[in-house]
Every structure is written in C-alpha cells, then in structure tokens.
Amino acid sequence: MKAVVYTTYGSPDVLQLKEIAKPSPKDNEILIKIHAATVTSGDVRLRGSDFPPLFWLPARLLFGLFKPKKTILGHELSGVVEEIGKEVTKFKVGDEVFGTTTMLKTGSYAEYICLPETWKNGVVGLKPVNLNFKESAALPVGGLTALFLLNKAKISKGMKVLVYGASGSVGTYAIQIAHHFGSSVTGVCSTSNLDMVTSLGAEKVIDYTREDYSSHANDYDIVFDAVGKTSKSKAKRVLKKKGVFVSVKMLTSEKTAQLLKLKEFAENGELQPFIDRSYPLKEIVHAHTYVDQGHKRGNVVIEVV
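A short tour of the structure in this document, coming up. As the structure is a prediction and not an experimental result, all values here were calculated from the model.

What counts, and where the lines are drawn
- Residues numbered from 1 in each chain as written.
- Predicted model: local features only at pLDDT ≥ 70, side-chain atom pairs only at ≥ 80, totals over all residues.
- Heavy atoms only, no water.
- Salt bridge = Lys/Arg side-chain N within 4 Å of Asp/Glu carboxyl O.
- Helix = DSSP H or I, 4+ residues; strand = E, 2+ residues; numbered from the N terminus.
- Buried < 20%, exposed > 50% of the residue type's maximum accessible area, 1.4 Å probe, protein only.
- Contact = heavy atoms within 4.5 Å.
- Pairing = 2+ DSSP bridges.
- Axes fitted to C-alpha atoms, helices over the stretch in contact; angles between N-to-C directions.
- 1 Å grid on protein atoms, 1.4 Å probe; cavity = no way out; pocket = protein on both sides within 12 Å on 5 of 7 lines; lining within 4 Å.
- Points joined across faces, edges and corners; volume = space filled by probe spheres on them.
- Expected span 1.5 Å × (residues − 1).

1. Some thoughts on the pattern of salt bridges
In step 1: According to the stated counting rule, one finds 11 salt bridges in the structure shown.
In step 2: Taking the shortest distance from any N to any O, the salt bridge between Lys22 and Glu82 comes out at 2.8 Å. Of this pair, Lys22 sits in the loop between strand 2 (16-19) and strand 3 (29-38) while Glu82 sits in strand 4 (residues 76-84), and the two are 60 residues apart along the sequence.
In step 3: Residue classification places Glu82 among the partly exposed residues on the basis of a relative accessible area of 33%.

This is the structure we're talking about:
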C-alpha cells in the first residue's frame, strides 16, 4: 500500500510517499481502507519537532529523541471497514467509520490502517450519515477538543462565549457547539475571515488586526482560546467575576461517547466541518507547506481515495 513516511524531523520535504506492507488486523482490530485524512496543527508540530522550549525535551522523549518513533503521521481519518478481527463486535465489513489515531504506533497518511475496536487514548465510530468522507475525517480532533473544553467550562444556555482564533479548526467547531448549548458567541479572527466566522453563527466578530478583544466589556462567561495564542491574564479583562478561561494548551481526552455526540450534532444539522483546501495523498508536502504558513481556515483535508 502507499503511505507517507518520515524518518527525520524537519520541513515538509521530509515527508515521502512510499510503498509499504499492508497491515492485517489483530483479533481486537478493524482494518480500514482510508478515504480521507487531515493535516492538523499536531501533525505539523510533530513533523517539525516544533514544541515550546519548556516541553521540547519531554516531547522528544515521548515521540522520539533523535528521530520520530511514529513514522506515519495523521491524527484523524474516515474510511470503510474492510476486515475485522475475530473478537470485534461493534463493527462489520462495509461500515463507514471515522475516528482518531491517538497514541497508536501509526497514523492515517496511508491507504490502510488497523485500529483497535476500543483503546484508552483514541476513538472510532460510525461516521455521520449526512457527511461525506472528507467532512467526516475533519471532524474528530477539532470537534472533540472543542466539546471537551466547552464542557470543562460548564457551558450552558444563555452564556456569552468569546472564541479567540475562531477561524481555525477548533474555533469553527467551538462556535457551532456553543450554539447547540444555547450560548451566544463572539468570534475573534483576522479581517479576511470575518464573513466566514459570521456564517458559522457568531453574533459578533472582532477583527484582531484592528482592535484588542481585551479592551471590550468584561461580560463573558467563557473565553475559549482555540489557537493557544492568548493568555488567562488577558482573558480575565473581559470575563465576568466567575467567568472561565479554557485553552487548547490544556490537556484533553477523547471518549467514544463524545465522538457519538459529535455524530449526533452533525446528523441534526448543528455541526458542519469547514474545509479550507483538499489535497491528494501524493501532494502531502504541498498540504503541509500550506498549513505551515499559518493561514489555514477550518480544516485541510488529504484525499486518500
């Protein structure tokens, strides 16, 4: 099968399309023919070993000190179950699925992958029936992060939420999920993304190139840092006395129940992935180069089939 492999850290050019052996599922695994994957900020960070100084050494020890341990990137995917192990009970051949590869030894930049039916760190489930494979592949990582952090902030009906970095993958989902809970949303983004963020449901949009969001009145219940580029001290200026600050820099976890909740939101028409660009697998270097530029809107998808 074809797969994108990298054996050293560096620029997008370290990614190479190669022929490798097709995997076979273990007793508790499903073999998925991958239709689509994505380029997340996590993929770019791992490829370039671009970690904050404080976490650089721990991250290198975890992911590979001198070279990457996980040589195939790709944190999320959608596809079709082609084969199942003898202990698998939740899936059957032909099921259309979506999920993550969190903490597995291989990623989704390949034509096939074996995923455990259940495992501690990641998730897999039947994909939303109303989303295509590209849209489904773009949903798990950003959607789960947004849902986890909004739940952590104890979001509820009638709250006012400010999403900083509203045009990114996590931000676009945070806006829509906040609306599901009956909250009103203010999005913070650049000039070129104002219309996009408004179209996703933000009642108000702040252009950070023209004004500082922290100069606004302190009447927000939640400030959601969806890109890891603002601070709790700055957010406090616009938060109510008992307001909550959450950030993508915080630890999150993936649960099957939450993946199914995203599926429910999507099928109810409350959640729609925003796809910026799509690239075929053979153009993975171009896809990573684009995301490296820092102007990605929503999600960048890799079409495998």
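2. Re helix 1 (residues 41-48)
In step 1: Within helix 1 the residues assigned to the buried category are Gly42, Asp43, Val44, Leu46 and Arg47.
In step 2: Looking at the buried residues of helix 1, the elements they touch are strand 3, helix 2 (53-63) and helix 9 (284-292).
In step 3: Positive phi shows up at Ser49, right after helix 1, with a value of about 50°.

3. Regarding the sheet that holds strand 10 (residues 204-207)
Consider a sheet: its strands pair through backbone hydrogen bonds, and that pairing is either parallel or antiparallel.
In step 1: Across the sheet, five strands lie side by side as 10-9-8-11-12; this open sheet has parallel pairing. Across the chains shown, the open sheet's two edge strands, defined by having one partner strand only, are strand 10 and strand 12 (239-247). Sheet twist, expressed as the average angle between the axes of neighbouring strands with direction ignored, equals 20°.
In step 2: With five bridges connecting them, strand 8 (residues 160-164) and strand 9 (residues 184-189) associate as parallel partners. In the strand pairing of strand 9, Lys160 is matched with Ser184.
In step 3: In the packing of helix 4 (residues 140-152) onto the sheet, the strands contacted are strand 11 (220-225) and strand 12, and the crossing angle to strand 11 comes to about 145°.

4. Focus: the layout of surface pockets
Empty space among the atoms becomes visible once a probe the size of a water molecule is rolled across them.
In step 1: Reported here for the second largest pocket is a volume of approximately 320 Å³.
In step 2: Residue lining of the second largest pocket: 17 residues in total, with Lys26, Glu29, Lys105, Thr106 and Cys114 positioned closest to the centre.
In step 3: A total of four residues in the lining of the second largest pocket trace back to one element, the largest contributor, which is strand 6 (residues 112-116).

5. Looking at helix 4
Residues that lie three or four places apart on an α-helix share one face, since the helix turns once every 3.6 residues.
In step 1: If you check helix 4, its first and last C-alpha atoms are 18 Å apart, about what 13 residues at 1.5 Å a residue would give, namely 18 Å.
In step 2: Burial in helix 4 covers these residues: Pro140, Gly142, Gly143, Leu144, Thr145, Ala146, Leu147, Leu149 and Leu150.
In step 3: At the exit of helix 4 stands Lys154, carrying a positive phi of roughly 60°.

Everything listed here is a matter of geometry and, on its own, says nothing about what the molecule does.
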